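What follows is each chain in one-letter form.
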Amino acid sequence: MSKSDHTGPSRLRVWDWPVRLMHWSLVTSVAGAWIARHRLDDVHAYWGYAALCIVGLRLGWGLVGGRYARFTQFVRPWHPTWSYLWGVIAGHAPRYIGHNPLGGWMVVALMSCLGLLGFTGWLYTTDMFWGYGWLANLHWGLAWVLLALVALHVSGVVFTSFKHRENLVRAMLTGNKPPAGPTDVV
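Residues numbered from 1 in each chain as written. Predicted model: local features only at pLDDT ≥ 70, side-chain atom pairs only at ≥ 80, totals over all residues. Heavy atoms only, no water.

Caption draft 1: View of the overall build of the protein chain. On a plain count of helices and strands, the protein chain comes out with seven helices and two strands. Ordering the α and β elements of the protein chain from the N terminus gives β-α-α-α-α-α-α-α-β. Seen through its C-alpha atoms, the protein chain measures out along the principal axes to roughly 60 × 30 × 30 Å. Counting every position in the protein chain, which comprises 186 residues, the buried fraction comes to 37%. Residue pairs at least 24 apart in sequence account for 69% of intrachain contacts in the protein chain once pairs closer than 6 positions are excluded. When the accessible area of the protein chain is evaluated, it comes to approximately 11,200 Å², of which 70% is carbon and sulfur surface. Side-chain charges of the protein chain comprise 15 positive and 7 negative groups, with the mean position of each set lying 11 Å from the other. (Helix = DSSP H or I, 4+ residues; strand = E, 2+ residues; numbered from the N terminus. Buried < 20%, exposed > 50% of the residue type's maximum accessible area, 1.4 Å probe, protein only. Contact = heavy atoms within 4.5 Å. Areas by Shrake-Rupley, 256 points an atom, 1.4 Å probe, with all protein chains shown as cover. Lys, Arg positive; Asp, Glu negative; His and termini not counted. Charge placed at Lys NZ, Arg CZ, Asp CG, Glu CD.)

Listed below in structure tokens is the structure:
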């Protein structure tokens, strides 16, 4: 059955506007902080604080937001996550309407890394920790971990978009996805 053979609505609202706004604002603030990392210390810090605030807002929205925004909906236990991973490797992983199990854990990894990155960046500006090399190195290392996570996230989005024949970038812009089919996980 192709996506166009579904009966019912042609599109399903999955990502609400706060999720989409926070997602793209986070993309912008991380890119801004990365671009300003060498010569524009104040600008870098402002972008970093913006990212940290967005992560805080997203944490709150993950507790009280709509169905697909809630962590309880998309952060799955390890066993189903490993099963999903093996399904991806074997080429028969189901389509998820919200985040798939790997995508859910990627959200956790990205937000955790961003939280630590923001915390170490702020800590470095305090009188107590200003100038400590180990803290600067930790911040720098976390920035590269974040870059690797972003690359893995984008790769997963591209792979899943091709595998399930749906444009996940468009879904994160519009909030809409094709409706669930008989084998999709709602």
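The rest of the description comes next.
Caption draft 2: Summary view of the pattern of salt bridges. Evaluated as defined, the whole model comprises three salt bridges. The salt bridge involving E166 is made with R95; its shortest N-O contact spans 3.0 Å. Of this pair, E166 sits in the loop between α6 (133–164) and α7 (168–174) while R95 sits in the loop between α4 (78–90) and α5 (101–124); the two residues are 71 residues apart in sequence, bridging distant segments of the chain. Among the salt bridges present, the one from D184 reaches R95, with a minimum N-O distance of 2.6 Å. Of this pair, D184 sits in the segment after β2 (176–177) while R95 is found in the loop between α4 and α5, placing the two residues 89 residues apart along the sequence. The residues D184 and R95 share a single accessibility class, namely buried. When salt bridges that share partners are traced, they join R95, E166, K177 and D184 into one network. (Salt bridge = Lys/Arg side-chain N within 4 Å of Asp/Glu carboxyl O.)

Caption draft 3: Fine view of the nonpolar core. Membership of the largest hydrophobic core comes to 18 residues, with the highest contact counts inside it found for L26 and L146. Sorting the residues of this core by element identifies α1 (17–35), α2 (41–64), α3 (71–74), α5 and α6 as the ones contributing at least two each. Per-element accounting of this core gives the leading share, seven residues, to α5. The residues contacting L26, other than those within four sequence positions of it, are A51, I54, V55 and L114. Core analysis: the next-biggest nonpolar cluster, separate from the first, contains eight residues, V14, V19, A69 and M172 among them. (Core = buried A, V, L, I, M, F, W, Y, C linked by side-chain atoms within 4.5 Å.)

Caption draft 4: A nonpolar patch on the surface, seen in detail. Taken together, Y46, Y49, L52, F119 and W122 make up a surface patch of nonpolar side chains, about 520 Å² in accessible area. Of all the secondary structure elements, the ones that give two or more residues to the nonpolar patch are α2 and α5. No other element matches the three residues that α2 contributes to the nonpolar patch. Mapped onto the secondary structure, Y49 falls in helix α2. A residue is classified by how much of its surface remains accessible, and Y49, at 31% relative accessible area, is partly exposed. (Patch = residues over 30% accessible without salt bridge, like charges linked within 9 Å, V, L, I, M, F, W, Y side chains within 5 Å.)

This is a description of form; function is not addressed.
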